[in-house]
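Here are the chains, one letter per residue:
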Amino acid sequence: MTVGEEPAAPAPAPRQRRDARRNRDRLVEAAHAVFTEQGLEAPLDVIARRAGVGNATLYRHFPTRAALVDAVFHDQLTGTMTAGERARTAPDAWTGLTDYLRTVFTTLAADRGTNDLMTTRLPDVEVLQTVHAHNRRTVELLLERARAEGAVRPDVTTEDLLFALAALGRAVPPLTTATTPDAWHRPLALFLDGLRATPATPPRPLPGSALTEAELGSVLGEMGPHRARPAEDARAKGGERSP
């Protein structure tokens, strides 16, 4: 060390690095569980408590909600882009489009957090902006080819399709909660038939079972702004009133 040079800061002890890594992993795991249950607006202090750490530890690893969301969902989101690349090279545009949309809806059904990401906009999540742009381009390319092949209505635009898919996708978590995990296949099949330039005659049978009146009520209740959080559900079942 030369005269006047500041001494180098000591490197973190191996135990400190292990503890930090373990805390980060706990936070990501807890965040995934909470976002799955409650969506992306879930309170961050709930995540910290479930991970067994303090709020300061959470913010030290993830200064913003966007940073935490990116860490939790990065792999799932990039998997959607991989499916889009496969769909773009499908020899038949209609098959490529329908296979791609079924893959997307499988992702939407996985949990509420992923659904929130894919069907809305959340600023500052870098991977999410990339996924949305890739998804739009995939749909645009497949629609162009499908129109040229006479497979879809000539007046359907990319924005028409993306808007309808986002609206339908928002209903997937409450639909699968109220019925079965694959219940989304039926409304998606009905929607896809409406895109065709020449609907199948006779129409193909819709997959799955139709909703009962009670199931429809449950789905619409889960979609409402008054939807109870899990903690509120637990209090209600225990006979306690929410404050």
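First things first, this report covers the structure right here in the doc. (Residues numbered from 1 in each chain as written. Predicted model: local features only at pLDDT ≥ 70, side-chain atom pairs only at ≥ 80, totals over all residues. Heavy atoms only, no water.)

A closer look at the pattern of salt bridges
As a reminder of what qualifies: Whenever Lys or Arg places a side-chain nitrogen within 4 Å of a carboxyl oxygen from Asp or Glu, that contact is recorded as a salt bridge. Burial status follows relative accessibility: with a 1.4 Å probe on protein chains alone, a residue under 20% of its type maximum counts as buried, one over 50% as exposed, and anything between as partly exposed.
Applying the stated criterion across every chain, the model contains 13 salt bridges. Notably, a salt bridge pairs Arg145 with Glu149, separated by 3.8 Å at the nearest N-O pair. For the salt bridge of Asp193 with Arg196, the shortest nitrogen-to-oxygen distance reads 3.9 Å. Assessed through its relative accessible area of 24%, Asp193 is described here as partly exposed.

Quick notes on the nonpolar core
Going by this rule: Residue types Ala, Val, Leu, Ile, Met, Phe, Trp, Tyr and Cys, when buried and joined through side-chain atoms within 4.5 Å, form a set referred to as a nonpolar core. Think of it this way: any DSSP run of H or I at least four residues long counts as a helix, any run of E at least two long counts as a strand, and we number them from the N terminus. We call two residues in contact whenever any of their non-hydrogen atoms come within 4.5 Å of each other.
In this structure, Phe35, Ile47, Leu68, Phe73, Leu77 and Phe105 are the most contacted members of the largest nonpolar core, which totals 56 residues. Here the element with the most residues in this core is helix 4 (residues 65-88); it accounts for nine residues. Once residues lying within four places of it in the same chain are set aside, the contact partners of Leu77 are Leu117, Met118, Val127, Leu128 and Val131.

As for a nonpolar patch on the surface
In plain terms, the rule: In this analysis, a patch consists of residues with relative accessible area above 30% that form no salt bridge, clustered at 9 Å for like charges and at 5 Å for the nonpolar side chains Val, Leu, Ile, Met, Phe, Trp and Tyr. For the area figures, the Shrake-Rupley method with a 1.4 Å probe applies, and any residue is considered shielded solely by the protein chains shown.
The grouping of Leu211, Leu216, Leu220 and Met223 at the surface amounts to a nonpolar patch, some 350 Å² of accessible area in total. As for its position among the elements, Leu220 is in helix 11 (residues 213-223).

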